[in-house]
Amino acid sequence: MGFFSKLDKHADLMGGMADRVGLDMAEKMVDESVANGYRAAIIRCATCREAGACAQWQAEHATAEHTPAYCRNAGWFEALATK
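Quick look at the structure, then.

Further remarks concern helix α5 (residues 74–81). Looking only at α5, the buried set comprises Trp76, Phe77 and Leu80. Looking straight down α5, one finds its buried side chains confined to an arc of 95°; they lie on one side. For α5, the exposed residues set more than 90 degrees away from the buried face come down to Gly75 and Ala81. Packed against the buried residues of α5 are α1 (3–20), α2 (25–28) and α3 (32–46).

Between α1 and α3, the shortest axis-to-axis distance is 9 Å and the interhelical angle comes to 105°. Between α1 and α3, the interaxial angle falls into the category roughly perpendicular. The residues of α3 that touch α1, namely those facing Lys6, Leu7, His10, Ala11, Leu13 and Met14, are Tyr38, Ala41, Ile42, Ile43, Cys45 and Ala46. Within the contact of α1 with α3, the residues separate by chemical class into ten nonpolar, one polar and one charged.

Take the packing of aromatic side chains next. Going through the model one piece at a time under the given rule, you end up with two aromatic pairs. Between the aromatic rings of tyrosine 38 and tryptophan 76, the centroid separation amounts to 6.3 Å while the plane-to-plane angle is 40°, which identifies the pairing as tilted. Note that tyrosine 38 is positioned in helix α3 and tryptophan 76 in helix α5, a separation of 38 residues in sequence. Of the residues examined, tryptophan 76 reaches a relative accessible area of 15% and is grouped as buried. Here the aromatic rings of tryptophan 76 and phenylalanine 77 are separated by 5.4 Å at their centres, their planes lie at 65°, and the arrangement is edge-to-face. Take tryptophan 76 and phenylalanine 77: they sit in the same class, and that class is buried. Aromatic rings pair up to connect Tyr38, Trp76 and Phe77 into one cluster.

Rules used in this analysis
- Residues numbered from 1 in each chain as written.
- Predicted model: local features only at pLDDT ≥ 70, side-chain atom pairs only at ≥ 80, totals over all residues.
- Heavy atoms only, no water.
- Buried < 20%, exposed > 50% of the residue type's maximum accessible area, 1.4 Å probe, protein only.
- Helix = DSSP H or I, 4+ residues; strand = E, 2+ residues; numbered from the N terminus.
- Arc of directions from axis to C-beta.
- Contact = heavy atoms within 4.5 Å.
- Axes fitted to C-alpha atoms, helices over the stretch in contact; angles between N-to-C directions.
- Parallel < 35°, antiparallel > 145°, perpendicular 65-115°, else oblique.
- Nonpolar A, V, L, I, M, F, W, Y, C, P; charged D, E, K, R; others polar.
- Phe/Tyr/Trp six-rings, centres within 6.5 Å; stacked < 30°, edge-to-face > 60°.

Listed below in C-alpha cells is the structure:
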C-alpha cells in the first residue's frame, strides 16, 4: 500500500471513530488548532498496528462513549469532546 493510500485509509478510520464517539469533525475543524492536530492524529493512526481491529470495532459499534483502549488518538478525541 502506498503512503497516500495508507493515509486515506486511516483518515477514513479516524472519521469513523469520530462519528462513533459523536464528534462533528467539520464543525471542529473550523478551529485552526484542531485542524493542525488532525494532521498529527492521522499520522498516529497510520502508525497503529490495530487498523483491522479498529475497522472491526467500528463495524460492531454504531455509537460509543469512548474509543477502544488501543486507540492512539483516544486522548485527542476526548479533548475534542470538551472543546
